[in-house]
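Single-letter residue listing:
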Amino acid sequence: MAKGVNADTESSRKVIRLSKSCVGEAEKRAVMGVLDREFFGMGAEVKQFEEALSEFFGRPAVCVVNGTAALHLALQSCGIGRGDEVLVPSLTYVASFQAISATGAKPVACDVDPKTLVLDWQDAEQRITPNTRAVMPVHYAGDVGELDGIYSFARMNGLRVIEDAAHAFGTTYHGRRVGSFGEVACFSFDGIKNITSGEGGCVVTDDEAVLQRVRDARLLGVINDTDKRYAGQRSWDFDVIEQGWRYHMSDLMAAIGLEQLQRFPEMAAMRQKLASFYDTCLTGHARIEHFAHDYEVVVPHIYVIRIHGVRDREALRSRLLELGIQTGVHYQPNHMLTFYHDSEISPLVVTDMVTSELLSLPLHPDVTKHDVRYICDQLISALD
Ligand SMILES: *Cc1c(COP(=O)(O)O)cnc(C)c1O
C-alpha cells in the first residue's frame, strides 16, 4: 500500500494522491496536549479511545500498535499456532499473511468472488485439510460480501473466524456495524485507513477469553498489566504465562484516534459520495468494470476497478501519473510471493484472472467531485 510514499514531491506537483491522512487542528491540539503531559505510554488516552470504540461497536475493543498486530494477537488468542492452517484470500495486503505466519501457522491462499473480490468460501472449502483451524475473511475495499455464508461455512467445519476488517471501519451488514457481531474483528488505524491514529489497530470481540489474552499479550504477556497502567501504575511483581509482544498503543496515537472518531461520520459520507460518483462517471464504458458495492452501507477504503483486457497496466499508470493522478494496485496476490510460494497449490482461477487488470483510483476525504470527473475523463481517454 502506498503509505504516502513520495507524498512531498508529488503534492508539490499537485498530484491527486491515491490515499492520504486527513487531519485538522483538533488532532494537532490533541497531540500537543499529550506532549505537554510528558507521558507517552499506554494511559488515559488509550483507555478513553478503547471506551469510545467499545461504544461505537457495542462490544469491547482492545487497542494495539497496528492492524497487523491486531490480527497476530487475535489469532494467537484463538489458539492458532504451529501446525495449524488458516484459510485466507490471496488477494489481500501481505499483513494478513504475515500475521498468520507470525503465529507459526500456515496461511492457505484461497480464491475470491469475482463480483466483490472477497473470499470465495466454496473455493476455501476445497482447501480444508485436517490441520485447518480458522478462516480469515478480508473485507476487501470495505465490503463484507455474504458474510453470513462465511460464518455458516466456518460453523459447519468447526473453524474459528478472525475477520480482517482493516478496510471496513464503519461498514454495516444487515443493519449492524462490522465488528459488532460475529467472532473476532480486527481493524487498522494506519495513516490512510477510514480513521487513523497515525499507527494503530484494535481487536473487537465479545469473547472474554480472547479479550483477556489480547490485553495481556500486547504488554509482553504481563498478566493484568492493562489494569495497572490504566490506574497510572506499573506491575513490579507479576507473572507471564505465554509468549507476549510489545504491541500496546501509545497515548500519542490514541489522542489522534479519538479526534478522528469524532469526525468519522463526515469522512465516511465523503468516501461514500465519492465512490458513488466514480460509479456514475464510469458506468457504460465497455472495458471498465466497477464492483457493485452498496454505498448506503459500505464505507469504502479504496476504489478499485477492473479494466478488461488491459495489456500494459504499468504504462497506463505512468500515463495517469503524468496527468497528476496517482493510482495503486490492491493487491499483488500473496501466493505469488517467494515466502508464501506453494508448488502444490491448486489454481486460484479468479485471482489469477483479475489480478493484472485491477487498478485503484484516488479515494480519501480530500478528493473532490471535480477531481473524480477529471480522473474518469483522463482514464477513459487514455483507454480509448
Ligand atoms: C492496512 C491493512 C492491514 C494491516 O494494518 P496495519 O495497521 O497497516 O498493520 C491488514 N490487512 C489489510 C487488508 C490492510 O489493508
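See the structure above.
What counts and what doesn't
Residues numbered from 1 in each chain as written. Predicted model: local features only at pLDDT ≥ 70, side-chain atom pairs only at ≥ 80, totals over all residues. Heavy atoms only, no water. 1 Å grid on protein atoms, 1.4 Å probe; cavity = no way out; pocket = protein on both sides within 12 Å on 5 of 7 lines; lining within 4 Å. Points joined across faces, edges and corners; volume = space filled by probe spheres on them. Near = heavy atom within 4 Å. Polar contact = N/O pair within 3.5 Å; in protein donor to acceptor, adjacent residues only side chain to side chain. Areas by Shrake-Rupley, 256 points an atom, 1.4 Å probe, with all protein chains shown as cover. Helix = DSSP H or I, 4+ residues; strand = E, 2+ residues; numbered from the N terminus. Buried < 20%, exposed > 50% of the residue type's maximum accessible area, 1.4 Å probe, protein only. Contact = heavy atoms within 4.5 Å.

Engineer: Before we move on, can you summarise empty space enclosed by the protein with the specific residues and values?
Structural biologist: For the coordinates displayed, the defined rule picks out three cavities of 30 Å³ or more. One number sums up the size of the largest cavity: a volume of about 60 Å³. Every residue lining the largest cavity is listed: Lys20, Ser21, Cys22, Gly191, Lys193, Asn194, Ile195, Thr196, Gln260, Met267, Arg271 and Pro365.

Engineer: Would you mind going over the site of the ligand in detail, with residue names and values included?
Structural biologist: Close to the ligand lie 19 residues; Gly67, Thr68, Asp164, Ser188 and Lys193 are nearest. Between the ligand and Thr68 there is a distance of 2.6 Å, counted from an oxygen atom to a side-chain nitrogen or oxygen. Between the ligand and Asp164, the relevant distance is 2.7 Å, taken from a nitrogen atom to a side-chain nitrogen or oxygen of the residue. Taking 380 Å² as the accessible area of the ligand by itself, protein coverage stands at 98%. Elements with a minimum of two residues in the shell around the ligand: α4 (67-77) and α5 (94-102).

Engineer: I'd love a proper account of the environment of Leu252, names of residues and values included.
Structural biologist: Examined against the element boundaries, Leu252 turns out to sit in helix α10 (residues 251-282). Assessed through its relative accessible area of 18%, Leu252 is described here as buried. Residues Leu252 and Gly43, 209 residues apart in the sequence, show an inter-C-alpha distance of 9.8 Å. Residue contacts for Leu252: discarding those within four places in its chain leaves Val31, Val34, Leu35 and Phe40.

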